[in-house]
Amino acid sequence: MAFIANNIRRLRFDRDEMTQAELAEKVGVTRQTINAIEQNKYAPSLETAFRIAEALGVAIVDVFSYRNSP
Amino acid sequence: MAFREKLAWISVVTMSLVYGWYFWTILPLARAGAGNAWHYAKMLQATIMTVVALQIVLTIAAAISSPREARAAEDEREKLITLKGTRTAYFVLITGALCVCVSALFFGTNSLLLGNYALMAVVAGNLAKDLTQIVHYRRGG
């Protein structure tokens, strides 16, 4: 089954351990939503995906990728 | 726990307790055909006022404990969870309404009982909405 994987946890770590709450504030969603996205429990809308990439200062393809689970 | 999940819990607990008491008290009377519509209306008024008062107090308490989340608008995941809850509530409400129709058409149920069955369908729909939301908040989306 295909799913949308992400590198948010690593990218936050690379940015001085940015917290989920700080990222959520920049993106305009709740901390719980960032947590759900990080854990692949929720696939964000395209707009939110772009906002996350922008908040992390990278291109969207560096944050999200479409993968097939083994 | 997310602020809106707390609100769903508040709704589930207050509605279960207060409407549970209401139906526990009222249904035997309605089945026996005791009392009149005004008697039931007074009981229902007290029940609704109790639910509203409890929900206001508990919602204020929840907002005080997480002020930032309380001020923020619903984000896209929360809106989606709300819609999922509403969809579940719709099916429960429709099922309840059909049961009320069957009860009226085929079993000649008295009007006091029918009114309370209809109210029960509304309460069950609301509980289904809140419980669905809680499940999705627990799952993450």
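Now for a description of the structure that goes with this document. Predicted, not measured: the structure shown is a model, and the values here were computed from it. (Residues numbered from 1 in each chain as written. Chains lettered and ligands numbered in written order. Predicted model: local features only at pLDDT ≥ 70, side-chain atom pairs only at ≥ 80, totals over all residues.)

**Looking at the interface of chain B and chain A**
Turning to step 1, where the next piece is worked out: Taken together, the ten residues of chain B in the interface contact ten residues of chain A.
Turning to step 2, where the next piece is worked out: Sort the elements by how many residues they give to the side of chain B that touches chain A and helix α4 (residues 76-107) of chain B lands first, with three residues.
Turning to step 3, where the next piece is worked out: For the side of chain B that touches chain A, the residue count by class is two nonpolar, two polar and six charged. (Contact = placed C-beta atoms within 7 Å. Helix = DSSP H or I, 4+ residues; strand = E, 2+ residues; numbered from the N terminus. Nonpolar A, V, L, I, M, F, W, Y, C, P; charged D, E, K, R; others polar.)

**Looking at the environment of L46 of chain A**
Turning to step 1, where the next piece is worked out: Mapped onto the elements, L46 of chain A comes out in helix α4 (residues 46-56).
Turning to step 2, where the next piece is worked out: On a C-alpha basis, the gap between L46 of chain A and I60 of chain A in space is 9.6 Å, while along the polypeptide they are 14 residues apart.

**Let's talk about helix α3 (residues 31-38) of chain A**
Helical geometry note: an α-helix holds 3.6 residues per turn, so side chains three or four residues apart project in the same direction.
Turning to step 1, where the next piece is worked out: Looking at α3 of chain A, one finds that the buried residues are Q32, T33, I34, A36 and I37 of chain A.
Turning to step 2, where the next piece is worked out: For α3 of chain A, the secondary structure elements touched by its buried residues are β1 (2-6), α1 (8-14) and α2 (20-27) of chain A together with α4 of chain B.
Turning to step 3, where the next piece is worked out: In the stretch just after α3 of chain A, N40 of chain A is the one whose phi turns positive, near 60°. (Buried ≥ 20, exposed ≤ 12 C-beta atoms within 10 Å, placed from the backbone.)

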